[in-house]
Amino acid sequence: AHAELSGIFFGQPSQSLSVIGVTGTNGKTTSTYLLAAILDAAGLPCGRMGTVTVRTGPGPADERDASHTTPEAPEVQRLLREMVDRGCKSCAMEVSSHALVLQRVAGVRFAAAVFTNLTRDHLDFHGDMTQYFAARRRLFEMLPAGAPAVVNIDDPRGLELAGALPRVVTFGIDRPANVRATAIQSSLEGLAFTAETPRGAIGMRSPLVGRPNVYNILGVVATGIALDLPIAAI
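Structural notes, computed from the coordinates. (Residues numbered from 1 in each chain as written. Predicted model: local features only at pLDDT ≥ 70, side-chain atom pairs only at ≥ 80, totals over all residues. Heavy atoms only, no water.)

Examining the overall build of the protein
The following threshold applies: Only DSSP runs of H or I covering at least 4 residues are called helices, and only runs of E covering at least 2 are called strands; the numbering of each starts at the N terminus. As defined in this context, the radius of gyration uses C-alpha atoms, and a globule is described by 2.2 Å times the residue total to the power 0.38. To sort residues, take the accessible area from a 1.4 Å probe on protein chains only and compare it with the maximum for the residue type: under 20% means buried, over 50% means exposed, and anything in between is partly exposed. By definition in these notes, contact holds between two residues if any of their heavy atoms fall within 4.5 Å. Throughout, the Shrake-Rupley method with a 1.4 Å probe supplies accessible areas, and for residues the shown protein chains are the sole cover considered. Charge counting follows a simple rule: Lys and Arg are positive, Asp and Glu are negative, and His as well as the terminal groups are ignored. Think of each charge as sitting on NZ of Lys, CZ of Arg, CG of Asp or CD of Glu.
Secondary structure summary: the protein contains eight helices and 11 strands in total. The C-alpha atoms of the protein give a radius of gyration of 17 Å, which matches the 17 Å a tight globule of 234 residues would have. Each principal axis of the C-alpha distribution contributes one length, and for the protein these read about 50 × 40 × 35 Å. By residue count, 53% of the 234 residues in the protein fall in the buried class. When contacts within the protein are restricted to residue pairs at least 6 apart in sequence, those whose partners lie at least 24 apart make up 60%. Total accessible area on the protein is roughly 10,100 Å²; 53% of this is exposed by carbon and sulfur atoms. Positive and negative charge centroids in the protein, built from 21 and 21 side chains respectively, lie 3 Å apart.

Here it is as structure tokens:
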């Protein structure tokens with residue numbers, strides 16, 4: 001009720017934004033930064049909410065340090081309202097497992113959700129891996145009809161999740177997926193690979209290093225494809 005009332009108090013700002021929620025043990029922060037860059041390039045000025053900083057608009061003064069990965073419900077709604085008021089059209093949001101269990105994002109309308117991976121973490125809070133996965137899964141159960149779920153199916157839990165959702169765009173390296181990395185070149189200078197997508201192959205280059213960042217990049221490419229964003233922006 002607290003979360004629902006917070007949404008009402010701030011005028012349901014998520015109804016005026018394309019909010020993309022990113023959940024999983026690792027990769028959330030990197031993914032939200034990459035998503036914000038793609039959405040900005042696509043002409044959908046993007047706010048960002050996550051572990052390191054919060055960005056509510058285009059100027060340097062609109063970025064400040066974050067207190068939580070996902071704040072309490074009134075702060076979530078207040079930040080979304082600030083994004084709308086400052087001209088944002090979208091928001092890339094890290095959604096923690098704690099926030100999902102504690103219903104901090106209840107009442108937020110998500111345009112898409114991304115699952116990065118699931119490894120052992122936060123078991124002091126969740127108790128076991130089954131409950132931890134159930135917490136992450138809540139984000140996808142919140143999606144409105146037709147909103148895409150973007151899922152890493154190289155992760156066993158991601159494969160399980162993808163099999164239970166109505167509209168899924170999958171990504172991976174090892175398993176056949178809707179968006180898949182091939183011809184990966186990895187060095188200390190960065191990454192180069194081809195993202196094979198339903199809309200054709202996209203050559204990718206990044207100064208980010210290591211296989212985990214191939215997954216992070218693939219996840220945001222898959223999100224861009226799912227939201228029908230221009231290939232040039234991706």
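Structural notes on the packing of helix 1 (residues 2–9) against helix 3 (residues 73–85)
Helix-helix packing: each pair is described by the crossing angle between the helix axes and the interaxial distance. What counts here: Here an axis means a line fitted to C-alpha atoms, over the contact stretch when the element is a helix, while the angle between two N-to-C directions is reported on a 0 to 180 degree scale. In these notes the angle categories are as follows: under 35 degrees is roughly parallel, over 145 is roughly antiparallel, 65 to 115 is roughly perpendicular, and the rest is oblique. Helix crossings are classified by the rotation of the near helix relative to the far one: an anticlockwise turn of less than a right angle makes the crossing left-handed, while a clockwise turn makes it right-handed. Only Asp, Glu, Lys and Arg are considered charged in this grouping, and only Ala, Val, Leu, Ile, Met, Phe, Trp, Tyr, Cys and Pro are considered nonpolar; every other residue, Gly among them, is considered polar.
Contact pair helix 1 / helix 3: the axes reach a minimum separation of 8 Å and the direction vectors enclose 25°. Taken as axis vectors, helix 1 and helix 3 run roughly parallel relative to one another. As for how helix 1 packs across helix 3, the hand of that crossing is right-handed. Judged by residue contacts, His2, Ala3, Ser6 and Gly7 of helix 1 engage Ala73, Pro74 and Gln77 from helix 3. Of the residues in the contact of helix 1 with helix 3, the class split is three nonpolar, four polar and no charged.

Things to note about the pairing of strand 9 (residues 179–187)
Heads up, the rule is: A pair of strands is treated as paired once DSSP finds two or more bridges between them.
Of the pairings in the sheet, the one linking strand 8 (residues 168–172) to strand 9 comprises two bridges and is parallel in character. The residue of strand 9 that forms the bridge with Phe171 is Val179. Looking at chain direction, strand 9 and strand 10 (residues 190–197) are connected through six bridges and run antiparallel. Residue pairing in the sheet places Thr182 in a bridge with Thr194 of strand 10. Two successive antiparallel strands, strand 9 and strand 10, enclose a turn made up of two residues.

Brief notes about the packing of aromatic side chains
Rule in force here: Any two of the Phe, Tyr and Trp rings considered here, Trp counted by its six-membered ring, make a pair once their centres fall within 6.5 Å; the pair's planes then place it as stacked at under 30 degrees, edge-to-face at over 60, or tilted in between.
Taken as a whole and judged by the stated rule, the model has two aromatic pairs. Here Phe9 and Phe10 contribute two aromatic rings whose centre-to-centre distance is 5.0 Å and whose plane-to-plane angle is 85°, an arrangement assigned as edge-to-face.

Here we look at the sheet that holds strand 3 (residues 53–55)
The strand order across the open sheet formed by 11 strands is 4-3-2-5-1-6-7-8-9-10-11, and the pairing between neighbours is mixed. With one partner strand each, in any of the chains shown, strand 4 (63–65) and strand 11 (200–206) form the two edges of the open sheet. Averaged over all pairs of adjacent strands, the angle between their axes in this sheet comes to 20°, without regard to strand direction. The strands touched by helix 3 within the sheet are strand 1 (18–23), strand 2 (46–49), strand 3, strand 4 and strand 5 (90–94), with strand 2 carrying the most contacts at an inclination of about 160°. Most of the contacts of helix 6 (residues 129–141) go to strand 6 (residues 110–115), to which it runs at about 150°, and overall it touches strand 1, strand 6 and strand 7 (149–152).

A short note on unusual backbone geometry
A positive phi angle, close to 50°, is found at Gln12, a residue other than glycine. Examined against the element boundaries, Gln12 turns out to sit in the loop between helix 1 and strand 1. Positive phi, normally seen in glycine, also occurs at Ala183, with a value near 50°. Locating Ala183 in the fold gives a position in strand 9.

Considering the side chain of Glu82
By the secondary structure assignment, Glu82 is in helix 3. Classification of Glu82 by relative accessible area gives buried; the value is 12%. Those residues in contact with Glu82 that lie beyond four places of it in its chain are Thr56 and Arg64.

In short, the description is geometric, and any link to function would need to be established separately.
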